[in-house]
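Close look at the chain arrangement
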Amino acid sequence: MSEGKGQPKKRFPLTLDFVSGLAGRNKAGTTAAQNSRQTATRNAAHHATRNAVHHPAPPKDYVVHAKAPEMKRPSPPVDKLANMPLVSEAVRKAMVQRVAQQGVQDPLVLAAMEAVPRHYFLEPGLAPQAYIDASLPIGYHQTISQPYIVARMIEVLRGGAEGRLQRVLEIGTGCGYQAAVLAQVADEVYSIERIRPLHEQARSNLRPLRIPNLRLHYGDGMLGLPQCGPFDGIILAAAGLDVPQALFDQMAIGGRLVAPVGGQQQRLKLVVRTKRNEWMADMLEACHFVPLRPGTFG
């Protein structure tokens, strides 16, 4: 994510090596250093106890170095997750192939799903599950949507368009994954999150990716962003009993809105604005999302 309008040095589609190299400076370095110091202490104590009879005690300023490779030279600033088979590029491609087999055929959407590393938006403990077709927790009773539903909703939002969408609004940023995918298929993406810690988490996740056409906002998603509209596409990542009228009003003529609606039983709803005061709606497949709530938190 970037506040400027100039062209970045690198843009999507990104290679996994580029993304993981940036991410690792914060996530991998600290943990590796702590683990290395703890390993060194344990190994040193074991070495001293085993050889106490055969060797005199070392001087006080003597340091016993661990045999682990990390102690010989600093660890490179890379994301260790990138070397795990469960989060490799091949596994991400397999996820995209599975999404295609489930019925998503829009080539631009499939390319966007392959370009964005989903595991980077999850906690390290959940990273090995990043490319299974399931929603996963991201904290605050929220989830990252399953890959299929992300791809399906964006495909419906595009409606078979050949080129990119112009201006898109996302309600419910969450961890930022869907916003990153949307940024691959639209010229401008605005995403709003009502939970401040998740808003900050998304900013942190997206900042290293340097996506110039994505803007994050903290606020009440049910009100939308009238100051940034009208929007050619609006997508909701939470389900209400119906779509707030404020979002209908922010649709451009010809614009499309995709949202899960319902309580216990939810379905995807497609709304197309055909005229200034006219909208057409169609109900699609069943789905399951967290509830859409008003106001802000945190």
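Applying the stated criterion across every chain yields a total of 5 aromatic pairs. Judged by centre distance (5.9 Å) and plane angle (75°), the ring pair of Tyr-120 and Phe-121 falls under edge-to-face. Residue class for Tyr-120 comes out buried when judged on its relative accessible area of 6%. A residue is classified by how much of its surface remains accessible, and Phe-121, at 2% relative accessible area, is buried. Aromatic pair Phe-121 and Tyr-177: ring centres 5.8 Å apart, planes at 70°, arrangement edge-to-face. Taken together, the positions of Phe-121 in the loop between helix 4 (107-115) and strand 1 (136-139) and Tyr-177 in helix 6 (residues 177-182) put the pair 56 residues apart, joining distant regions of the chain.

The subject of this paragraph is the pattern of salt bridges. Counted according to the given criterion, the structure contains 6 salt bridges. A salt bridge links Glu-285 to Arg-152; the shortest N-O distance between them is 3.1 Å. A residue pair is termed long-range when its members are at least 10 positions apart, and Glu-285 in strand 9 (residues 278-287) and Arg-152 in helix 5 (residues 147-158) qualify at 133 residues. As a salt-bridge pair, Asp-242 and Lys-269 come within 3.1 Å of each other at their nearest N and O atoms. With Asp-242 in the loop between strand 6 (231-236) and helix 8 (245-249) and Lys-269 in strand 8 (residues 266-275), the pair connects residues that are 27 residues apart, well separated along the chain. Classification of Asp-242 by relative accessible area gives partly exposed; the value is 43%.

With their axes 9 Å apart at the nearest point, helix 3 (residues 89-101) and helix 4 run at an angle of 150° to one another. Classified by the angle their axes make, helix 3 and helix 4 are roughly antiparallel. Read as a crossing pair, helix 3 and helix 4 show a hand that is right-handed. Of the residues in helix 4, those touching helix 3 at Arg-92, Lys-93, Met-95, Val-96, Val-99 and Ala-100 are Leu-110, Met-113, Glu-114 and Ala-115. Partitioning the contact of helix 3 with helix 4 into residue classes produces 7 nonpolar, no polar and 3 charged.

Right, let's talk about the sheet that holds strand 8 for a bit. Spatially, 7 strands are ordered 5-4-3-6-7-8-9 in an open sheet, and the strand pairing comes out mixed. A single partner strand is all that each edge strand has here, and the edge strands are strand 5 (214-218) and strand 9. For this sheet, the mean angle separating the axes of adjacent strands, direction not counted, is 15°. As paired elements, strand 3 (residues 165-171) and strand 6 share 4 bridges and run parallel to each other. Paired with Glu-170 across the bridge in strand 6 is Ile-235. Those strands touched by helix 5 are strand 3, strand 6, strand 7 (251-262), strand 8 and strand 9, and its axis lies near 150° from that of strand 7. Helix 7 (residues 196-206) contacts strand 4 (186-193) and strand 5 of the sheet and is inclined by roughly 160° relative to strand 5.

Thresholds applied
Residues numbered from 1 in each chain as written. Predicted model: local features only at pLDDT ≥ 70, side-chain atom pairs only at ≥ 80, totals over all residues. Heavy atoms only, no water. Phe/Tyr/Trp six-rings, centres within 6.5 Å; stacked < 30°, edge-to-face > 60°. Buried < 20%, exposed > 50% of the residue type's maximum accessible area, 1.4 Å probe, protein only. Helix = DSSP H or I, 4+ residues; strand = E, 2+ residues; numbered from the N terminus. Salt bridge = Lys/Arg side-chain N within 4 Å of Asp/Glu carboxyl O. Axes fitted to C-alpha atoms, helices over the stretch in contact; angles between N-to-C directions. Parallel < 35°, antiparallel > 145°, perpendicular 65-115°, else oblique. Left-handed = near helix turned anticlockwise from the far one by under 90°. Contact = heavy atoms within 4.5 Å. Nonpolar A, V, L, I, M, F, W, Y, C, P; charged D, E, K, R; others polar. Pairing = 2+ DSSP bridges.

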